[in-house]
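Survey of secondary and tertiary structure
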Amino acid sequence: MPRYLIERTFPDGLAIPMNAEGAATCQTVVGKNMDVGVTWVHSYVTEDHKKTFCVYDGPSPEAIRQAAERNGLPVDRISLVSVLDPYFYR
Amino acid sequence: MTLLERARPLQELNDLLAEAVSRHGQFVFLGAEAGGGKTTLIQQFCHTAASTVRVVTGACDPLSTPRPLGPLLDMAGALGKPDPWQSFPFPSRDGLFQMLLANLAAHERPTLMIIEDVHWADEATLDLLRFLGRRIGPTRVLLLVTYRHEEVGTKHPLRTVLGDLATSGVIRRMTLTPLSVQAVAQLAGSSRLDAARLHQQTGGNPFFVTEILSAGGEGEAIPMTVRDAVLARVARLSPAGRAVLEAASVIGVYAEVWLLTLLTGAEVQAVEECLDGGMLLAQGTGVAFRHELARQAVLDSVSPHRQQHFHTRLLAALTTSSEQDVARLAHHAEGANDAQAVLDHAPKAARRAAGLHAHREAAAQYARALRFSGNAPMLMLTSLLEAFSVECALIDRLQDAVQARHTAVRLWRAAGNQLKVGENLSSLAGLHLNAGQNAEGEAASLAALDVLSDLPEGVEHARAYQMQAHIRMLNRDHDQALEWGARALKLAEGVADLPITIGAYNTLGTSLILSGDPEQGGTLLKRSLTLARTAGLDSRVASAYSNLGSGYGEIYRFAQADAALAEGIAFCRDRDLDAGRLYMEAWQALTHGYQGRWPDATAVAASVLQHPTAATISRIMALLALGRVRTRRGDPEVWNVLDEALELARRTATLQRLAPVYAARAEAAWLTGQLQRTALEAGAPYELALQHRHPWFVGELAYWQWKAGSEIDVPSWAAQPYVLQQRGAWAQAAEAWYALHCPYEAARALSESTDEAALKEALDTFQRLGAQPMVQWVQRRLRDLGVRGIPRGPRPATRTNPLGLTPRELEVLSLLATGHSDKQIARHLTLSSKTVGHHVSAILGKLGTKSRAEAAAEALRRKMIELK
């Protein structure tokens, strides 16, 4: 399954509290992703919480967009990515 | 017999039955290997279910060419009156399916419908499964079909059915697993066999296990195969008992007692012996093998000579008994190696199968007849070849169909019948076109015209003219298409040949739509549609809808295209005409895309692309729709999609596929800043588009070359919005694009101005559509112009309406649609009448409508407003 990097902007900052509510929010996202066959691997969040870089596995860019729509998440750009690590060429 | 390790599947079936009873129809595919215990499980299930529901059962048979709709014939009695399926000829296949559905829906009790062994199903039965799978959702029916999963490889027709039904939501698949060592040990019980070895030897196959145990080997070597196990049991029967089994195995899955007696002269005692030993089961007025594996094992042990002897006597007996089932007669005729009988029965069986749309079986029966046609008269041979070719074409065995036509052409030529040579060459041309071999098709069509040229005009000429007209239309050579089409039409109407008349109207209409007379073209296509509908020629109806939709789509008349596509898709869906439906859905994806409905466009395109049997042309158009939207969104995986589209389009070598694919590639190149490549892609089909004077293809291809900086002189007859843009008239171009319902193209025209308001309007539309590359492009342009306060994102309220109406415009629109005057609206919103007037003209422009009434209707159709 292809892997995608999704860039998102949150003008007011992304706020997921470190408590049960936050955990529930994340679970909701995971559940809605499942409906369209998309898996959230993990995300990187900038210091000011205004930008995220999310790594997802999914069948197509359209499925990634659908998942974002269902979760009310913005999408700036979707890139198809593959793994490259420092020892790749050994 | 005790049922081991089947509690869970039984429970599952009972749960599903309960669901079905509460009006959530269910469709279960129950798979297992041969002898895996499907039938035993079902017997047990039926035993308990019969008290609450009506049970109807049927089975597919392992004849080399199965009876069309055999399972439905089996069910006739249990389905009760009215029972049109009991008598041939059937009303019609579709009528029959509808009647069955009505019967299932209307019966006072819920129905458990069982069809066994669908891996042997004839084509009509597979269609029945597809038909029911899409419709039993709201009924109180549990449809349970069984199949041997090891026989259903990737190319098996049942795979396609499973694929087709994958999205229907009612389908469950269950698999029966082999027995465990414990269960085998339990079955082995007091026998002296080693349970572990028995399990290993049989793989836990329940039938195999019980056969070995019944054979009662006393600690000897365990038989290596099911066959050995069965034959070990047979060996213990008396010679008379063995003779009965052998005869029964030739008669078939079900053997009538009178036939058995006739073949073996057997005493009742010998039959009793087989029944007592459990080799045969009593069923109605006959007997059946306990399992098809057992029948096959016994049949294989009968010498070919003896089999032929049985078949000969069966054929004679069945013929004198006025047997109605011609498929059965043809089967025994072949077994008896009786050429005359095969030639008598197989073509009849073929025609009956064809009547039920069981084209695979029809082709097989014609092939059977052809195998025995060595001494057949020439007229019979050619008619068999022609009919075989027709059936093969319907099941996509195009190369066999072509081969048969070639042979027919050769025979007719040798007999000096030029009319027939011409007729077959025209059909050959059609076959080549279907196979995507347009050059061969062209050659055959010209050969047909040539061979007929010196003969007085008749129906063969009409067919040849129509084929040539069709090829010219596909090639977008409209002048010639219209000329040949008119000749075909005149002649076809003269000889009252309806199919050719319908075809000619279709070709003429499509060519007129595409060559500048869309009104008259639409009228002719609709005439083709009405004639086909009245005559019940469903595939011709689908073709008329399809050409209306794609024809209007190709000239950017999307409202008309959408209307035709929606009707056509509904028509095809009701009749399971998948090929027509998929092509129209691919076009629907394109028109969604042009009109800014991108999520709909990609969803429809993806569903077409997922379909396992989508034709090349459907695939090209769906790839195009997906590629365009991905390009405009700035999403990844554009080029793999457009590369595949190009590869397929090149294979067709026609303008109608090449031009739009290259245009999409040029756009993708331009949006990623590859100017040289933009010019190359757009230039590739440009000459071809110019030769055919296609205004839209020429317009867009010239546009991309112009955008890439090439010196290009766009012809004035090219599509106006593109011509206007290349002359710098961006405002008029944007107007024109709005009128065509193309928001992206309109914004693109606006983006070519240096006017701040226009650029901001473009930016707003691009942001709403999610057209990231153009958003960035316009933002840069605004910055270069020194504009401050460039909007960063779409205003939430305008996100939901694809035409870019502002919240205020929407407000005005909903008041306007409820019949308020400008004055009333002004008062209500505390605005001046003049301002309201401006809003109204902006609304008319964005909706592409001329009057307020039209705007109101359009807004309702698009669900932009609701009437309270």
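Scroll up to find the structure this text is about.
All values derive from a computational prediction rather than experimental measurement.

Scanning chain A for helices and strands turns up two helices and four strands. For chain A, the α and β elements follow one another from N to C terminus as β-α-β-β-α-β. By its C-alpha atoms, chain A is 45 × 30 × 25 Å across when sized along the principal axes. For chain A, the proportion of its 90 residues judged to be buried stands at 29%. In chain A, 68% of the contacts between residues at least 6 apart in sequence involve partners at least 24 apart. Counting only carbon and sulfur atoms, one obtains 57% of the accessible surface of chain A, whose full area is about 5800 Å². Averaging the coordinates of the 9 positive side-chain charges in chain A and doing the same for the 11 negative ones gives two points 4 Å apart.

With that out of the way, let us pick up unusual backbone geometry. Residue and element names in this part refer to chain B. The backbone of D117 sits at a positive phi, close to 60°, despite the residue not being glycine. Among the structural elements, D117 can be located in the loop between β3 (111-116) and α5 (123-133). Given a relative accessible area of 17%, D117 falls into the buried group. Located in the positive-phi region is H357, a residue other than glycine, with phi close to 65°. Among the secondary structure elements, H357 is positioned in the loop between α17 (339-355) and α18 (359-371). Taking relative accessible area as the criterion, H357 reaches 30% and is therefore assigned partly exposed.

Let us look at the sheet that holds strand β8 (residues 286-289) of chain B. Residues and elements named next belong to chain B. Within the open sheet, the three strands sit side by side as β6-β8-β7. Their pairing is antiparallel. Each having just a single partner strand, β6 (254-256) and β7 (280-283) make up the two edges of the open sheet. The sheet shows a mean angle of 30° between the axes of neighbouring strands, taken without regard to direction. In terms of strand pairing, β7 meets β8 through four bridges, oriented antiparallel. Note that in β8 the partner of L280 across the bridge is F289. Along the sheet face, helix α13 (residues 268-276) touches β7 and β8 and points at about 110° away from the line of β7.

With that settled, the discussion passes to the packing of aromatic side chains. All names here are of chain B. Under the counting rule described, the total for this entry stands at 20 aromatic pairs over all chains. With a centroid separation of 5.4 Å and 50° between ring planes, the pair formed by Y556 and F558 is classed as tilted. In this structure, Y556 and F558 share a single accessibility class: buried. Ring centres of W696 and Y722 lie 6.5 Å apart, and the angle between their planes is 75°; on these two criteria the pair is classed as edge-to-face. Taken together, the positions of W696 in helix α36 (residues 695-707) and Y722 in helix α37 (residues 720-726) put the pair 26 residues apart, joining distant regions of the chain. Y722 matches W696 in its accessibility class, with the two residues each being buried. Grouping aromatic residues by their ring pairs yields a cluster made of Y556, F558, Y594, W670, W696, Y703, W704, W706, Y722, W737 and W777.

The subject of this paragraph is the side chain of B:N475. Mapping B:N475 onto the fold places it in the loop between α23 (459-474) and α24 (478-494). Apart from residues lying up to four places away in sequence, B:N475 is in contact with B:E442, B:T654 and B:H692.

All names here are of chain B. Their axes nearest at 9 Å, the elements α24 and helix α25 (residues 498-514) cross at an angle of 155°. Of the possible angle classes, the one that applies to α24 and α25 is roughly antiparallel. At the point where α24 passes α25, the crossing takes the left-handed sense. Where α24 approaches α25, its residues H478, A481, L482, G485, A486, A488, L489, A492 and E493 are matched on the opposing element by I500, T501, A504, Y505, L508, S511, L512 and L514.

Below, the discussion takes up empty space enclosed by the protein. Residue and element names in this part refer to chain B. One pass over the structure, following the stated rule, counts three cavities of 30 Å³ or more. Quantified by volume, the largest cavity comes out at close to 170 Å³. For the lining of the largest cavity, the elements supplying multiple residues, two or more each, are α27 (538-554), α29 (578-594), α31 (616-633), α33 (655-671) and α36. In terms of residue class, the lining of the largest cavity is made up of twelve nonpolar, two polar and three charged. Its boundaries defined by the atoms lining it, the second largest cavity holds a volume of some 90 Å³. Lining the second largest cavity are 14 residues, and of these R67, P68, D325, A327 and R352 lie nearest its centre. Tallying contributions element by element places α17 first for the lining of the second largest cavity, with three residues.

Now for the interface of chain B and chain A. The partner chain A presents eleven residues to the ten residues of chain B that form the contact. Summed over both partners, the interface of chain B with chain A buries about 810 Å², with 44% contributed by carbon and sulfur atoms. Contact with chain A buries surface across chain B, with B:D635, B:P636 and B:E637 losing the most and accounting together for 51% of the total. For the interface between chain B and chain A, the tally reads two salt bridges. B:R630 is the salt-bridge partner of A:E62, the closest N and O atoms lying 2.7 Å from each other. Mapped by element, the contributors of at least two residues to the side of chain B that touches chain A are α31 and α41 (772-784) of chain B. Among the elements that line the side of chain B that touches chain A, the one with the most residues is α31(B), at three residues. Residue classes in the side of chain B that touches chain A are distributed as two nonpolar, four polar and four charged.

Side chains that are three or four residues apart share a direction in an α-helix, a result of its 3.6 residues per turn. All names here are of chain A. The end-to-end C-alpha separation of helix α1 (residues 20-35) is 23 Å, in line with the 22 Å expected for 16 residues at 1.5 Å each. All buried positions along α1 are accounted for by G22, V29 and N33. Take α1 and look down its axis: the buried residues cluster within an arc of 35°, on one side only. Seen from the open side of α1, the exposed residues pointing more than 90 degrees away from its buried face are A20, E21, Q27, M34 and D35. The residue sitting at the N-terminus of α1 and contributing the capping side-chain oxygen is N19; that oxygen lies 3.0 Å from the backbone nitrogen of E21. Once α1 ends, the next one or two residues include G37, with phi positive near 75°.

Residue and element names in this part refer to chain B. Residues V230, L245, L260 and F388 are the most contacted members of the largest nonpolar core, which totals 109 residues. Not counting residues up to four positions away in its chain, the partners in contact with L260 are V244, A247, A248, I251, A255, G265 and V287. Formed by 103 residues, the second largest nonpolar core is a distinct cluster that contains L609, M621, L626 and A746.

Taken residue by residue, a regular strand's side chains alternate between the two faces of the sheet. All names here are of chain B. In strand β2 (residues 54-59), alternate side chains face the same way, and those of R54, V56 and G58 are buried while those of V55, T57 and A59 on the opposite face are not. The sheet contact formed by β2 and β3 spans six bridges and is parallel. By the bridge assignment, V55 is partnered in β3 with L112.

What follows deals with the sheet that holds strand β5 (residues 171-175) of chain B. Residues and elements named next belong to chain B. Taken together, the five strands give an open sheet; going across it, the order is β2-β3-β4-β1-β5, and neighbouring strands pair in parallel fashion. Of all the strands in the sheet, just β2 and β5 have a single pairing partner and so form its edges. Averaged over all pairs of adjacent strands, the angle between their axes in this sheet comes to 15°, without regard to strand direction. Most of the contacts of helix α4 (residues 93-106) go to β3, to which it runs at about 140°, and overall it touches β2, β3 and β4 (141-148).

Definitions and cut-offs
Residues numbered from 1 in each chain as written. Chains lettered and ligands numbered in written order. Predicted model: local features only at pLDDT ≥ 70, side-chain atom pairs only at ≥ 80, totals over all residues. Heavy atoms only, no water. Helix = DSSP H or I, 4+ residues; strand = E, 2+ residues; numbered from the N terminus. Buried < 20%, exposed > 50% of the residue type's maximum accessible area, 1.4 Å probe, protein only. Contact = heavy atoms within 4.5 Å. Areas by Shrake-Rupley, 256 points an atom, 1.4 Å probe, with all protein chains shown as cover. Lys, Arg positive; Asp, Glu negative; His and termini not counted. Charge placed at Lys NZ, Arg CZ, Asp CG, Glu CD. Pairing = 2+ DSSP bridges. Axes fitted to C-alpha atoms, helices over the stretch in contact; angles between N-to-C directions. Phe/Tyr/Trp six-rings, centres within 6.5 Å; stacked < 30°, edge-to-face > 60°. Parallel < 35°, antiparallel > 145°, perpendicular 65-115°, else oblique. Left-handed = near helix turned anticlockwise from the far one by under 90°. 1 Å grid on protein atoms, 1.4 Å probe; cavity = no way out; pocket = protein on both sides within 12 Å on 5 of 7 lines; lining within 4 Å. Points joined across faces, edges and corners; volume = space filled by probe spheres on them. Nonpolar A, V, L, I, M, F, W, Y, C, P; charged D, E, K, R; others polar. Buried area = accessible area lost by both parts, 1.4 Å probe. Salt bridge = Lys/Arg side-chain N within 4 Å of Asp/Glu carboxyl O. Expected span 1.5 Å × (residues − 1). Arc of directions from axis to C-beta. Polar contact = N/O pair within 3.5 Å; in protein donor to acceptor, adjacent residues only side chain to side chain. Core = buried A, V, L, I, M, F, W, Y, C linked by side-chain atoms within 4.5 Å.

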